[in-house]
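# Topology and contacts: notes
Letter by letter, the chains look like this.
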Amino acid sequence: MSAGSERGAAATPGGLPAPCASKVELRLSCRHLLDRDPLTKSDPSVALLQQAQGQWVQVHLQVGRTEVVRSSLHPVFSKVFTVDYYFEEVQRLRFEVYDTHGPSGFSCQEDDFLGGMECTLGQIVAQKKVTRPLLLKFGRNAGKSTITVIAEDISGNNGYVELSFRARKLDDKDLFSKSDPFLELYRVNDDQGLQLVYRTEVVKNNLNPVWEAFKVSLSSLCSCEETRPLKCLVWDYDSRGKHDFIGEFSTTFEEMQKAFEEGQAQWDCVNPKYKQKRRSYKNSGVVVLADLKFHRVYSFLDYIMGGCQIHFTVAIDFTASNGDPRNSCSLHYINPYQPNEYLKALVSVGEICQDYDSDKRFSALGFGARIPPKYEVSHDFAINFNPEDDECEGIQGVVEAYQNCLPRVQLYGPTNVAPIISKVARVAAAEESTGKASQYYILLILTDGVVTDMADTREAIVRASRLPMSIIIVGVGNADFTDMQVLDGDDGVLRSPRGEPALRDIVQFVPFRELKNQRTAQGAPGIHHAASPVAANLCDPARHAQHTRIPCGAGQVRAGRGPEAGGGVLQPQRPAPEKPGRPCRRGQPRLHTVKMWRA
């Protein structure tokens, strides 16, 4: 949730809410591509670009491009692009297909251009499936080449599935070595067409392969319909693109869960041709579901409606880039007649969030300063200098602690926020591990610049996305905060440096200067009014989930192991008995919260 998403959260003139963004997944495939390689076929990949201020820019650089499909003129790509769709905007997209040389990367400079296609995101969403010819420079057709883009709305997605497959005794398709198997998982659509969900890596020279675990959204896997048919195909990889078919099997996600629970999650890998020709034919191997984890994702509003209390934490930037607090130009300058930028941001956002905090006690932390008594740099110190109890009484208590803290610390650096995110996440994880999930944690970070520990911060956010936690980052001052948008999930799913995706979009970033310059409908400056998009965006996932409620006694899901792996199996928890408790806000019936899965 970025500053750009204010258009989807801020109120329009007249008090009507502007349309919210919808999350859309784009899946790509091509046909009849040009062959640019003299000895083999092209190795295609696709880059997606979006027009911004008249220029084409690559969409969410963590993904960059699709994977490379080796030696294929009719590639079907397993990697998907997740983009925000705004109904009221014209969002122009450009798909560029390249014959990739060497390892896959973000740069296309050394690759051969095979053609491009331009359209709007609205056209794809309206038609759901768009097939267009690929064009070379100056509008020339790239032979018979076409590209197909399929759009799927995943705004209502409420879970992710982690799957791990292995196989044993697969058929040997190679003469002088063993097969090089890989597995493809398909979803069967309503028109009985097959939609590629995931393609595993190739395991070389092995008839008993163990493929790496992978994660897919429940929406991508089965359109959130657990009885929708799924189909798995196993192939022997060929570097020329002529893969040998080993076998297949069909199942559903519902069947996967039941079989995994019973320790019988394995299927015969059958080649239909062999089955017709040979009476004694049994299978071409066995595929085993080695592990299954179902990550049920709940939104901010799900926790509130389930009876959770809000715990609010403030983190303030005390780095030297803010300027000497004794200087009137400093962002930390204490003016007896008016609040500085940090106090304005703290009060405007904090007073909105405090309505959800029952005890009105807020944790107040600082980072980037040298603190007494040894004046060593700390990135997660209590600004009341009481590490045993860092809470303050209300927003006014945080203001007073901040004003008393400034003269006692030395502003230093760097701007590291990962330690504070991890600190709050540990508290949230401890609460969540109790199974009660009675607290939801909001972390407000006030900073004057781009964070210096970006990789660690991305890692911390991805880990925190599994927890009952949201993060508001407010940029204070006039710095260029463009690089901070990478922490936001509005332009695609945030990924850790290792490529692991966030399970929820939990970050809202906005420059405070844009908020304070907004005006109310009456024309007067409205800092409190302008800050409402920050809090409103915390509930965006809940809007898309249509206020999903968790019923009393809902089952919890634990992970187990597959057959032959030993240990326990998937076990739904028994419904918990009804317990008396505090009624939910606005007269809602008492709801039990369900423990989110933690990997």
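Residues numbered from 1 in each chain as written. Predicted model: local features only at pLDDT ≥ 70, side-chain atom pairs only at ≥ 80, totals over all residues. Heavy atoms only, no water.

Our next topic: the overall build of the chain. Counting secondary structure elements, the chain contains 14 helices and 26 strands. Looking at the 599 residues of the chain, the share that counts as buried comes to 53%. When the accessible surface of the chain is split by element, carbon and sulfur atoms take 49% of a total near 27700 Å². (Helix = DSSP H or I, 4+ residues; strand = E, 2+ residues; numbered from the N terminus. Buried < 20%, exposed > 50% of the residue type's maximum accessible area, 1.4 Å probe, protein only. Areas by Shrake-Rupley, 256 points an atom, 1.4 Å probe, with all protein chains shown as cover.)

Now for the nonpolar core. One finds Phe318, Ile383, Leu446 and Val474 to be the most contacted residues of the largest nonpolar core, which totals 37 residues. Elements supplying a minimum of two residues to this core: strand S17 (309–317), helix H7 (341–353), strand S18 (361–367), strand S19 (369–371), helix H8 (394–405), strand S24 (439–447) and strand S25 (469–475). (Core = buried A, V, L, I, M, F, W, Y, C linked by side-chain atoms within 4.5 Å.)

So, on to the sheet that holds S19. One open sheet accounts for three strands, arranged S20-S19-S23; its pairing is antiparallel. The open sheet has two free edges, formed respectively by strand S20 (376–378) and strand S23 (410–411), since each of these has just one partner strand. Taken together, the three bridges between S19 and S20 define a ladder with antiparallel strand orientation. Looking at S20, one finds that Ile371 is bridged to Glu376. (Pairing = 2+ DSSP bridges.)

The next thing to look at is the packing of aromatic side chains. The geometry of an aromatic ring pair comes down to the distance between the two centres and the angle between the two planes. Scanning the entire structure with this criterion turns up 13 aromatic pairs. Measuring from ring centre to ring centre gives 5.3 Å for Trp235 and Phe245, while their planes differ by 65°; the resulting arrangement is edge-to-face. On the criterion of sequence distance, the pair formed by Trp235 in strand S13 (residues 229–236) and Phe245 in strand S14 (residues 244–252) is long-range, its members being ten residues apart. Summarising the aromatic geometry, the rings of Phe318 and Tyr402 are spaced 6.1 Å apart at their centres and angled 40° between planes, so their arrangement reads as tilted. Remark: Tyr402 occurs in helix H8 and Phe318 occurs in the loop between S17 and H7; sequence separation between them is 84 residues. With respect to class, Phe318 is no different from Tyr402; both count as buried. An aromatic cluster is built from Phe318, Phe381, Phe385 and Tyr402, whose rings are joined through pairwise contacts. It is Arg278 that lies over the ring of Tyr274; its NZ or CZ is 4.3 Å from the centre. In this structure, Arg408 packs its charged tip against the face of Phe385, placed 4.2 Å from the ring centre. (Phe/Tyr/Trp six-rings, centres within 6.5 Å; stacked < 30°, edge-to-face > 60°. Lys NZ or Arg CZ within 6 Å of the ring centre and 35° of its normal.)

Time to look at helix H9 (residues 418–432). With 15 residues, H9 extends 20 Å between its outermost C-alpha atoms, agreeing within 8% with the 21 Å of an ideal straight helix rising 1.5 Å per residue. Taken residue by residue, H9 has Ala418, Ile420, Ile421, Ser422, Val424, Ala425, Ala428, Ala429, Glu431 and Glu432 as its buried positions. The elements touched by buried residues of H9 are S17, S18, S24, helix H10 (454–464) and S25. (Expected span 1.5 Å × (residues − 1). Contact = heavy atoms within 4.5 Å.)

The next subject is the confidence of the model for the chain. Put simply, the chain has an average pLDDT of 79, and 77% of its residues get 70 or more. Across residues 1–19, where pLDDT falls below 50, the model places 49 contacts with residues more than four positions away in sequence or in other chains. (pLDDT = per-residue confidence, 0-100.)

Here the focus is the sheet that holds S14. Consider a sheet: its strands pair through backbone hydrogen bonds, and that pairing is either parallel or antiparallel. Across the sheet, four strands lie side by side as S11-S10-S13-S14; this open sheet has antiparallel pairing. The open sheet terminates on both sides in strands that have one partner only, identified here as strand S11 (194–199) and S14. Strand-to-strand twist of the sheet, defined as the mean angle between neighbouring strand axes without regard to direction, takes the value 25°. Sheet analysis places strand S10 (residues 181–188) next to S11, joined by five bridges and oriented antiparallel. Following the sheet pairing, Glu184 is matched in S11 by Arg199. Sitting on the sheet, helix H4 (residues 253–261) is in contact with S13 and S14, with an inclination near 85° to S14. (Axes fitted to C-alpha atoms, helices over the stretch in contact; angles between N-to-C directions.)

All right, on to the pairing of S13 then. Relative to S13, S10 runs antiparallel, the two sharing seven bridges. When the bridges of S13 are listed, Pro181 appears paired with Asp236. Across eight bridges, the pairing between S13 and S14 is antiparallel. Residue Lys231 lies in a different strand from S14, and its bridge partner there is Ser250.

As enumerated under the stated definition, the model contains 24 salt bridges in all. For Arg94, the salt bridge is made with Glu118, and the minimal N-O distance between the two is 3.0 Å. Highlighted residues: Arg94 in strand S5 (residues 92–99) and Glu118 in strand S6 (residues 112–120), separated in sequence by 24 residues. Of the residues examined, Arg94 reaches a relative accessible area of 16% and is grouped as buried. Residue Glu118 is classed as partly exposed on the basis of its relative accessible area of 44%. In this structure, the salt-bridge partner of Glu184 is Arg199, at a minimum N-O distance of 2.9 Å. Of the two residues, Glu184 sits in strand S10 while Arg199 sits in strand S11, which places them 15 residues apart along the sequence. The class of Glu184 is buried, set by a relative accessible area of 7%. Within the structure, one salt-bridge network assembled from shared partners comprises Lys215, Glu459, Arg463, Arg466, Arg498 and Glu500. (Salt bridge = Lys/Arg side-chain N within 4 Å of Asp/Glu carboxyl O.)

Further remarks concern the pairing of strand S7 (residues 129–135). One face of the sheet, then the other: side chains in a regular strand alternate in exactly this way. Alignment of S7 against strand S8 (residues 141–153), held across six bridges, turns out to be antiparallel. Of the residues in S8, the one forming a bridge with Leu135 is Asn141. The hairpin formed by S7 and S8 contains five residues between the paired strands, and Phe138 there has a positive phi angle of roughly 65°.

In this section: the environment of Ile147. Residue position: Ile147 is located in strand S8. Through-space distance from the C-alpha of Ile147 to that of Leu28 is 7.2 Å; in sequence the pair is 119 residues apart. The residues touching Ile147, leaving out its near neighbours within four places in the chain, are Ser29, Cys30, Val46, Phe95, Val97, Met117, Val130, Thr131, Arg132 and Leu134.

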